[in-house]
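Residues per chain are reported as follows:
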Amino acid sequence: MDKIFRLLDKYLIPTMTKLSEQRHLQAIRDGIISTIPLIIVGSFFLIIAFPPVPALALAVKPYAAKVLLPFRLTMGLMALYACHSIGYYLARSYKLDGIAGGILALVAFLLTTVPLTVAGQGLVLSMENLGGGGMFVAIIMAIFAVEVLRFAKEHRLIIKLPEGVPDSVARSFEALIPAAIVIPTVWAVRDLLGFDIQHFVTELFQPLVLAGNSLGGILVPIVIITLLWGTGIHGDSVVGTVARPIWLVLLNQNIAAAAAGQPIPNIAPEPFFQWFVWIGGSGATIGLVLLMLISRSAYLRSVGRVTLLPGICNINEPVIFGAPVMLNPLLVIPFVLGPVTCGIVTFLAMSWGWVTKPFILVPWTLPAPIGAYLATGGDWRAIVLVFFNIAVVTLLYYPFFRAYERKLLREEAGQQIQEEVK
Amino acid sequence: MKVLLVCSGGMSSAIVVKAVQAEAVKKNVPITIKSIGAGELAEELGNGWDTVLVAPQVRHRLDAFRAEAAGYDIPVEVIPPQGYSPLGGSIVLTLLQELGK
């Protein structure tokens, strides 16, 4: 086991760290995270428009289209919001003007769409590609725009204004030449050459999205995240950097299907992991916390007591570092196997249609049964599945927990003898 | 003593902040301690903090944090794992007192 930890320390952690520290990936992560408040609040309007109680649903039905508008203008334009934030963060990481980066990213992204003329409405921009489906395009255009900005700055392609011009004015002129490069370039590719950037990029990333939705695609992140946490590194934030755009595309397809009243296509957007796998936090440590509450070891009992409440809210650093699970050969095994089992069970339950696939993003600090209920648009079977998974992980933790407890009990007895001798 | 505690999102560190504050009251040590997410460090550094503590789960980013703090002459240290729990208040306080010397 020690050898495994050493191997992880030597290979997995440096690789994953480098990946999560990578400038562009970091900007993508921060940019996407900044849109989450809009997604969460926007999704609530979806629940209101389609409440889980049939009588209520009937009453709301005449107003559904109106209630859905905030949802459509948040979730439905997600790539637009994310594009601006990604441009902002990437520019900031180069110590360039953030707003200039954001605006250039937006214009590059918008230029990949072609407005349509609709009789009586003037020019209309289709929202089709501005939601989660356009996420990868938004990411690529933001990176392109900011890299042009950086190139221009490094090669001094800036318009110098005379001394005495206020800084804010001078800064806004710095984006002038980059804009004069970005806008014609995208326009030429999209409109003169007629190359459909949206279609091309979406097709390019399609295999990745499909893989993310397969059984292997859920097990790989689960294993990497738990192994990283097993060595005490924040696995979710590291892996999420790479996986979150895929999870968001999956979520967006689900939510679009739900709003259209169609069956939900994808199993594995982020709420899948959040509510059915990471119960009580990464590693599904709620099972361990429950066992610690009734432990014979005084130490484990006290850890169990102080970690129960945070655990219910899915915060489990206190368990990971307190029990500790980190670098603890006994507890790391169920810490990895528990979530793997939950993932498989949930994947099967959802692909057999026993439980609704998740399509709503709710704040991650809610207790898992409530979160699962809301995330599935109010499916009571989701609650049953959560409790089933809790039972499974508790059983999986049990033998390892007992072995660890015995070890601690011996140590605690040893201490008592020492104290008595004194 | 003004202490900044950096974790991933600022959630779990709030628990540790409470534990350290409780311990500081018990030992009668005056302390101001605030938890922030990793992204906020750059903005907070100029606000007169004496020490920056890093949560163990983001210790892989220690070098990046130290680089950010390079111009401020503030020690940036990782909290030992045992200190990062509601029961770890005394461990963190001891570490702080050693860094403060």
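Residues numbered from 1 in each chain as written. Chains lettered and ligands numbered in written order. Predicted model: local features only at pLDDT ≥ 70, side-chain atom pairs only at ≥ 80, totals over all residues.

J.: Explain the overall build of chain A to me, using residue names and the numbers behind them.
T.: Helix and strand counts for chain A stand at 21 helices and 2 strands. Summarising its shape, the C-alpha atoms of chain A cover approximately 85 × 60 × 40 Å along the three principal directions. If you take every contact in chain A between residues at least 6 apart in sequence, the share linking residues at least 24 apart comes to 72%. (Helix = DSSP H or I, 4+ residues; strand = E, 2+ residues; numbered from the N terminus. Contact = placed C-beta atoms within 7 Å.)

J.: Describe the overall build of chain B, and please don't skip the residues or the numbers.
T.: Each helix and strand counted, chain B has 4 helices and 4 strands in total. Counting from the amino terminus, chain B carries its helices and strands in the arrangement β-α-β-α-β-α-β-α. A compact globule built from 101 residues should have a C-alpha radius of gyration of about 13 Å, and chain B, at 12 Å, falls within 12% of that. Its C-alpha atoms give chain B principal-axis dimensions of roughly 35 × 25 × 20 Å. (Rg over C-alpha atoms; globule rule 2.2 N^0.38 Å.)

J.: Mind laying out the confidence of the model for chain B, listing which residues take part and the relevant values?
T.: Per-residue pLDDT for chain B averages 85, and the proportion of residues at 70 or more is 98%. Reported confidence for the predicted complex is 0.74 by ipTM and 0.81 by pTM. (pLDDT = per-residue confidence, 0-100.)

J.: Kindly report on unusual backbone geometry, identifying the contributing residues and their values.
T.: The step from Ala323 of chain A to Pro324 of chain A runs through a cis peptide bond, and the omega angle for that step is -20 degrees. In this structure, Pro324 of chain A sits in the loop between helix H18 (317–322) and helix H19 (329–351). Notably, Asn28 of chain B is not glycine yet its phi reads approximately 65 degrees, a positive angle. Within the secondary structure, Asn28 of chain B sits in the loop between helix H1 (12–27) and strand S2 (32–37).

J.: Lay out the interface of chain A and chain B with the relevant residues and their values.
T.: Taken together, the contact between chain A and chain B spans 19 residues of the former and 17 residues of the latter. Of all the secondary-structure elements, those providing two or more residues to the side of chain A that touches chain B are helix H1 (2–21), helix H17 (298–312) and H18 of chain A. In terms of residue class, the side of chain A that touches chain B is built from 10 nonpolar, 6 polar and 3 charged. (Nonpolar A, V, L, I, M, F, W, Y, C, P; charged D, E, K, R; others polar.)

J.: Could you give me a rundown of helix H9 (residues 135–154) of chain A, with the residues and numbers involved?
T.: All names here are of chain A. Its 20 residues give H9 an end-to-end C-alpha distance of 28 Å, which sits within 8% of 28 Å, the value for a rise of 1.5 Å per residue. Among the 20 residues of H9, 14 are classified as buried, and the element is accordingly described as predominantly covered. Where H9 terminates, the next one or two residues include Arg156, which has phi positive at roughly 55 degrees. (Expected span 1.5 Å × (residues − 1). Buried ≥ 20, exposed ≤ 12 C-beta atoms within 10 Å, placed from the backbone.)

J.: Describe the sheet that holds strand S4 (residues 76–78) of chain B, listing the residues and the values that go with them.
T.: All names here are of chain B. Pairing is parallel across the open sheet formed by 4 strands, whose spatial order is S2-S1-S3-S4. The sheet is open, and its two edges are formed by S2 and S4, each paired on a single side. Between one strand axis and the next, the sheet turns by 25 degrees as a mean value, whatever way the strands run. Two elements, strand S3 (residues 51–54) and S4, share 3 bridges in a ladder whose sense is parallel. Note on S4: the bridge partner recorded for Val52 is Val76. Against the sheet, helix H4 (residues 89–100) touches strand S1 (2–7), S3 and S4, its axis set at about 140 degrees to S3. (Pairing = 2+ DSSP bridges. Axes fitted to C-alpha atoms, helices over the stretch in contact; angles between N-to-C directions.)

J.: Could you give me a rundown of the confidence of the model for chain A, with the residues and numbers involved?
T.: The predicted model of chain A has a mean per-residue pLDDT of 88, with 99% of residues at 70 or higher. Confidence, expressed as mean pLDDT per element, reaches its minimum in chain A at helix H10 (residues 167–174) of chain A with 74 and its maximum at helix H16 (residues 286–293) of chain A with 95.

J.: Describe the nonpolar core, and please don't skip the residues or the numbers.
T.: Ranked by size, the top nonpolar core spans 141 residues in total, and within it Ala105 and Ala142 of chain A together with Val6 of chain B carry the most contacts. It is H9 of chain A that contributes the most residues to this core, 13 residues altogether. Discounting chain neighbours no more than four positions away, the residues touching Ala105 of chain A are Cys83, His84, Ile86, Gly87, Met141, Ala142, Ala145 and Val146 of chain A. (Core = buried A, V, L, I, M, F, W, Y, C linked by C-beta atoms within 7 Å.)

J.: Tell me about helix H8 (residues 98–110) of chain A, and please be specific about residues and values.
T.: Between its first and last C-alpha, H8 of chain A extends 18 Å over 13 residues, near the 18 Å set by a 1.5 Å rise per residue. Buried within H8 of chain A we find Ala100, Gly101, Gly102, Ile103, Leu104, Ala105, Leu106, Ala108 and Phe109 of chain A.

J.: Quick one: what's the story with the environment of Leu374 of chain A, residue by residue and with numbers?
T.: Residue and element names in this part refer to chain A. Take Leu374: it is sitting in helix H20 (residues 368–375). Exposure remark for Leu374: the 23 C-beta atoms within 10 Å place this residue in the buried category. The spacing of Leu374 and Pro271 is 103 residues in sequence and 10 Å in space, taken between C-alpha atoms. Residues in contact with Leu374, not counting those within four places in the same chain, are Ile47, Ile360 and Val362.

J.: Requested: an account of the pairing of S3 of chain B, with residues and values cited.
T.: All names here are of chain B. With 4 bridges connecting them, S1 and S3 associate as parallel partners. Bridging across to S3, Leu5 finds its partner in Leu53. On the question of chirality, the crossover connecting S3 to the parallel S4 by way of helix H3 (residues 62–69) is right-handed. (Right-handed = clockwise from strand over helix to strand, strands pointing away.)

J.: Just give me the short version of the domain arrangement of chain A, but keep the residues and values in it.
T.: Residues and elements named next belong to chain A. With domains assigned, chain A is organised as domain 1 (34–204) and domain 2 (213–421). Contact residues are listed per partner, giving 17 residues for domain 1 and 15 residues for domain 2. Of all the secondary structure elements, the ones that give two or more residues to the side of domain 1 that touches domain 2 are helix H3 (36–49) and H9. By residue number, the principal contributor to the side of domain 1 that touches domain 2 is H3, which donates 5 residues. Among the residues forming the side of domain 1 that touches domain 2, the class breakdown is 13 nonpolar, 4 polar and no charged. (Domains from an automatic or database assignment.)

J.: Describe the environment of Gly101 of chain A, and please don't skip the residues or the numbers.
T.: All names here are of chain A. By the secondary structure assignment, Gly101 is in helix H8. The buried category is assigned to Gly101, around which 29 C-beta atoms lie within 10 Å. Along the primary structure Gly101 and Ala91 are separated by 10 residues, whereas in three dimensions their C-alpha atoms are 5.2 Å apart. Not counting residues within four places of it along the chain, the set of residues in contact with Gly101 comprises Gly87, Tyr88, Leu90, Ala91, Leu96, Val146 and Leu149.

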